[in-house]
Each structure stands twice: as C-alpha cells, then as structure tokens.
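# Structure assessment
Below are the chains, spelled out letter by letter.
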Amino acid sequence: SFRACYAHLSRADAAALRRKVADPRGFAGLEIEDTGYDSFLSLVRACREDGWVLDEVALDRPLFPAVDEATGNFLFTESFQVRRMCRRLIETGARIGMNKHKVGAWSLRKDACEQPAAAGDGEVAARVL
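A few points on the structure.

What counts and what doesn't
- Residues numbered from 1 in each chain as written.
- Predicted model: local features only at pLDDT ≥ 70, side-chain atom pairs only at ≥ 80, totals over all residues.
- Heavy atoms only, no water.
- Core = buried A, V, L, I, M, F, W, Y, C linked by side-chain atoms within 4.5 Å.
- Buried < 20%, exposed > 50% of the residue type's maximum accessible area, 1.4 Å probe, protein only.
- Helix = DSSP H or I, 4+ residues; strand = E, 2+ residues; numbered from the N terminus.
- Contact = heavy atoms within 4.5 Å.
- Salt bridge = Lys/Arg side-chain N within 4 Å of Asp/Glu carboxyl O.
- Expected span 1.5 Å × (residues − 1).
- Pairing = 2+ DSSP bridges.
- Phe/Tyr/Trp six-rings, centres within 6.5 Å; stacked < 30°, edge-to-face > 60°.
- Lys NZ or Arg CZ within 6 Å of the ring centre and 35° of its normal.
- Arc of directions from axis to C-beta.

## Concerning the nonpolar core
- Of all hydrophobic cores here, the largest spans 13 residues; its most connected members are Tyr 6, Tyr 37 and Leu 43.
- Among the elements of the structure, helix H1 (11-21) and helix H2 (40-49) are those that each provide at least two residues to this core.
- Setting aside its immediate chain neighbours within four residues, Leu 43 contacts Ala 4, Cys 5, Leu 30, Ile 32, Thr 35 and Tyr 37.

Okay, structure coming up:
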C-alpha cells in the first residue's frame, strides 16, 4: 500500500485498513470506501502527488505477494513462488503474442515501459522499468 491510501483516514480507520490488508486469509483488493477518497482516480492522483511512497508497514511485506489459488486473494504473509511467477510471465507473454522462448520478466517490463515513455512520461516509464 502507498502512504497516500491512508492520508484521509483517522488513526483507527487506518489501523483497520492495515489489518484488512494483512489478514492471513488474504486480501481481495482495495475498496475505495476504505480509503476516504471519492474515487480511484482521486486516490491515484494523491499517490502520484505523494511520489508513490510506500506505507510504513508495506516495507515489511513481500514485494510480490503470493495469491491464494482458491480465492484469488493476495497473501501478504508470503512471497509468490519464483517458479510459479516465471511460468505465469511466460504464459502471459504467449497470450499477448510474444515468442514463448523469448519472454521473461525483463521483456515484459521493457514492453510495459515503452508506452508511457512514448507518451513523454519518463517518470512513469522509469518506475515500470
């Protein structure tokens, strides 16, 4: 989570949202009602203006959280398994038309950063890369 996600919340509400994200049963995703913002657009704008600074407790979470296959919930209590992640990267690349033998984390990140870079948003492109 980013620091701005909690900026409009009281201490108690921020603590409740942090508990919800850290639930060992998993986290299904952020609901705008939990943030105090009117829309995801205003939340994203606030995160961008804040420089996408991570929330203090997010620093202790896995960079790539595991996913509960049965529920689809993010599991911030453990890391996504490397073999599973690599397989998914290859499958995703193949689905979007990349050669199965030439796709990996680097090629997907490179492709993902080309669009914002071409649009002149180097800051976003660098963050993706």
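## Focus on the pattern of salt bridges
- Applying the stated criterion across every chain yields a total of 6 salt bridges.
- The partner of Asp 34 in a salt bridge is Lys 20, and the shortest N-O contact between them spans 2.5 Å. Of this pair, Asp 34 sits in the loop between H1 and H2 while Lys 20 sits in helix H1, and the two are 14 residues apart along the sequence.
- Close ionic contact of Asp 23 with Arg 25 constitutes a salt bridge, the shortest N to O distance being 2.6 Å.

## Looking at helix H3 (residues 82-95)
- Under the 1.5 Å per step criterion, the end-to-end length of H3 is 20 Å for 14 residues, consistent within 8% with the ideal 20 Å.
- A positive phi of about 100° marks Gly 97, the residue just after H3.

## Here's the deal with the pairing of strand S2 (residues 74-79)
- Where strand S1 (residues 65-67) lies against S2, 3 bridges are found, and the strand directions are antiparallel. By the bridge assignment, Ala 66 is partnered in S2 with Leu 75.
- Here S1 folds back onto S2, and the loop between the two strands holds 6 residues, one of which, Gly 72, carries a positive phi near 80°.

## Quick word on the environment of Asp 38
- Its place among the elements puts Asp 38 in the loop between H1 and H2.
- On the accessibility criterion, Asp 38 (75% relative accessible area) is exposed.
- In the structure, Asp 38 is positioned 15 residues away from Asp 23 in sequence and 25 Å away in space, judged by C-alpha atoms.

## Regarding the packing of aromatic side chains
- Following the criterion strictly, the structure yields 3 aromatic pairs and no others.
- When the ring of Phe 2 is compared with that of Trp 52, the centres are 5.0 Å apart and the planes differ by 75°; the resulting orientation is edge-to-face. With Phe 2 in the segment before H1 and Trp 52 in the loop between H2 and S1, the pair connects residues that are 50 residues apart, well separated along the chain.
- Chaining the aromatic ring pairs together yields one cluster made of Phe 27, Phe 74 and Phe 76.
- When the ring centre of Tyr 6 is taken as reference, the NZ or CZ atom of Arg 18 above it lies at 4.2 Å.

## Thoughts on H2
- When H2 is considered as a whole, its buried residues turn out to be Leu 43, Ala 46 and Cys 47. Down the axis of H2, the sector holding all buried residues measures 100°, keeping them to one side. Away from the buried face of H2 by more than 90 degrees, exposed residues Leu 41 and Glu 49 are located.
- Of the residues flanking the end of H2, it is Gly 51, one or two places downstream, whose phi is positive at about 80°.

## What about the environment of Leu 54?
- Looking at the element boundaries, Leu 54 is found in the loop between H2 and S1.
- Taking the C-alpha atoms as reference points, Leu 54 and Asp 34, separated by 20 residues in sequence, lie 17 Å from one another.
- Setting aside residues no more than four positions away along its own chain, Leu 54 makes contact with Ser 1, Phe 2, Arg 3 and Leu 59.

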